[in-house]
Amino acid sequence: MRFTIAVFATSTVMLTGCMGMLGTLPETPELMVQRVENAESNSTKTEFEVGRPHNTVSEVLERKSQECLNRRVTIRTPVPGLIPSSNTRVEAFTSKVTRSEEQTRLTLQQKADSVGTVNVGPTPPDGWYYLVLDAYPAGKEKTRIVAYHMTVSPYPSVVDAARQWADGTSTGCPDLSE
C-alpha cells in the first residue's frame with residue numbers, strides 16, 4: 001500500500017512538473033502564435049528569408065512535411081537510478097499545410113499515442129500545436145518565413161530542416177525522436 005501511494009505521489013509530482021515546464025499547451029495555431037508573442041516559457045519565434053519564390057517554397061514545404069513530419073515515433077528516455085532502465089513512449093506527429101497567394105501555413109501537432117497514456121484534460125484530435133510556420137512572398141524571388149515554435153526538441157531541428165527545404169540546400173528529414 002505504501003509503495004502504491006509513493007508511486008502515485010511521485011507520478012503526480014512528475015506530471016505536474018512537466019506540465020509546469022511547458023505551461024498551457026496551445027489547442028489552435030492562433031494560440032501557438034499568441035503564446036510566442038506573449039513570450040511564454042519554452043517558446044520562441046524564428047524569422048528568415050530565402051531566395052526562392054513563394055510558390056516554390058510552398059510546394060516544397062507541403063511535399064516535405066507530408067514525407068517527413070507525419071509519423072509515429074518511439075522515444076526512449078533513460079531513467080536515472082541504481083538499475084538501468086528507460087521509459088518508452090510513442091508520439092504521433094501530424095502536419096498540415098494551407099496555401100494561398102499571400103501566405104502558406106505549415107502546422108505541426110504532437111500527441112501521445114502510447115498504450116496507457118493519460119491525457120490531462122481534453123486534447124485536440126491530432127494533438128497540441130507545437131509549431132506554426134508561416135511563409136509570405138517577399139518580392140518576386142524571395143520568401144519570408146516566420147516560425148512560432150517550442151524550444152524543446154525536436155522543434156528547433158524541424159525549423160532548421162524547413163529552412164533548408166525552403167532555401168533548397170537539403171531535402172533531409174529531421175529526427176523527431178530527439
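Please read these numbers as outputs of a predicted model, since none were measured by experiment.

J.: For this particular structure, what's the right way to read the overall build of the protein?
T.: A count of helical and extended segments in the protein gives four helices and six strands. Along the chain direction, N to C, the helices and strands of the protein fall in the order α-α-β-α-β-β-β-β-β-α. Out of the 178 residues belonging to the protein, those deemed buried represent 37%. When contacts within the protein are restricted to residue pairs at least 6 apart in sequence, those whose partners lie at least 24 apart make up 55%. On the protein, roughly 10200 Å² of surface is accessible, and the fraction owed to carbon and sulfur atoms is 56%.

J.: I keep staring at the pairing of strand 6 (residues 143-150) and nothing clicks. Help me out?
T.: Within a regular strand, side chains alternate between the sheet's two faces. Burial within strand 6 is extensive, with seven of its eight residues counted as buried. Judged from the seven bridges that link them, strand 5 (residues 128-137) and strand 6 form a sheet pairing that is antiparallel. Opposite Tyr136, over in strand 6, you have Arg144 as the bridge partner.

J.: What am I meant to see in the sheet that holds strand 3 (residues 85-99) here?
T.: Note: strands within a sheet are paired through backbone hydrogen bonds, in either parallel or antiparallel orientation. Sheet architecture is open: six strands sit in the order 1-6-5-4-3-2, paired in antiparallel fashion. Either end of the sheet is taken by a strand with one partner, and the two such strands are strand 1 (43-50) and strand 2 (71-79). For this sheet the average axis-to-axis angle between neighbouring strands, irrespective of direction, equals 20 degrees. Strand direction decides the pairing type here: strand 1 and strand 6, joined by eight bridges, are antiparallel. Within strand 6, the residue paired with Thr44 across the bridge is His149. Across the sheet, helix 2 (residues 29-37) is in contact with strand 1, strand 4 (104-112), strand 5 and strand 6; its angle to strand 6 comes to roughly 85 degrees. In this fold helix 3 (residues 54-68) packs onto strand 1, strand 2, strand 3, strand 4, strand 5 and strand 6, with an angle of close to 150 degrees to the strand it touches most, strand 3.

J.: Looking at this structure, how should I read the pattern of salt bridges?
T.: When the charged atoms of two side chains lie near each other, side chains of opposite charge can form a pair. Taken as a whole, this structure holds 11 salt bridges when the rule is applied. The salt bridge partner of Glu37 is Lys45, with a shortest N-O separation of 3.5 Å. Classification of Glu37 as partly exposed rests on a relative accessible area of 46%. We note a salt bridge from Lys45 to Glu47, for which the minimum N-O separation is 4.0 Å. Its relative accessible area of 35% is what places Lys45 among the partly exposed residues. A relative accessible area of 47% places Glu47 in the partly exposed class. Several salt bridges converge on common partners, so that one network encompasses Glu37, Lys45, Glu47 and Arg144.

J.: Would you mind going over the side chain of Gln109 with me for this structure?
T.: Mapped onto the secondary structure, Gln109 falls in strand 4. Taking the relative accessible area as the measure of exposure, Gln109 reaches 2% and is therefore buried. Separated by 2.8 Å, the side chain of Gln109 and the backbone oxygen of Gly127 make a polar contact. Looking at Gln109, its side chain comes within polar contact range of the side chain of Tyr129, at 3.4 Å. When neighbours within four sequence positions are excluded, Gln109 is seen to be in contact with Ala92, Phe93, Thr94, Lys96, Pro124, Asp126, Gly127, Trp128 and Tyr129.

J.: Looking at this structure, I do not really get the confidence of the model for the protein. What am I missing?
T.: Reading predicted coordinates in detail is not appropriate for stretches of low pLDDT. Summary statistics for the protein give a mean pLDDT of 85 and a share of 84% for residues scoring 70 or more. Here residues 2-21 is a poorly scored stretch, pLDDT under 50, and it has three contacts once near neighbours within four places are set aside; other chains count.

J.: Explanation requested: the pairing of strand 3 in the structure shown.
T.: Across nine bridges, strand 2 lies against strand 3 in antiparallel orientation. Considered in strand 3, the bridge of Val73 is made with Glu91.

The rules we used
- Starting afresh in each chain, residues are numbered from 1 along the sequence in its written order.
- Reporting of local features is limited, given that this is a predicted model, to residues whose pLDDT is at least 70; pairs of side-chain atoms are given and counted only at 80 or more, and all residues count toward the totals for whole chains, interfaces and linings.
- Water and hydrogen atoms were dropped before computing side-chain values, which therefore reflect all heavy atoms in the structure.
- The helix and strand labels rest on DSSP assignments: H or I over at least four residues marks a helix, E over at least two residues marks a strand, and numbering proceeds from the N terminus.
- Only protein chains enter the accessibility calculation, which uses a 1.4 Å probe; a residue is then buried when its area is under 20% of its type maximum, exposed when over 50%, and partly exposed in between.
- Pairs of residues are marked as contacts when any of their non-hydrogen atoms sit within 4.5 Å.
- All accessible-area figures derive from a Shrake-Rupley calculation using a 1.4 Å probe, and residue coverage is judged against the displayed protein chains alone.
- Between any two strands, at least two bridges found by DSSP are needed for them to pair.
- Here an angle of 0 to 180 degrees is reported between the N-to-C directions of two axes, which are lines fitted to C-alpha atoms, with helices fitted over the stretch in contact.
- Counted as salt bridges are all cases of a side-chain nitrogen of Lys or Arg within 4 Å of a carboxyl oxygen of Asp or Glu.
- Whenever a nitrogen or oxygen atom comes within 3.5 Å of another N or O atom, the pair is scored as a polar contact, on the condition that within protein one atom can donate a hydrogen and the other can accept it, and that pairs from neighbouring residues in sequence are kept only if both atoms are in side chains.
- Per-residue confidence from the predictor is reported as pLDDT, a score between 0 and 100.

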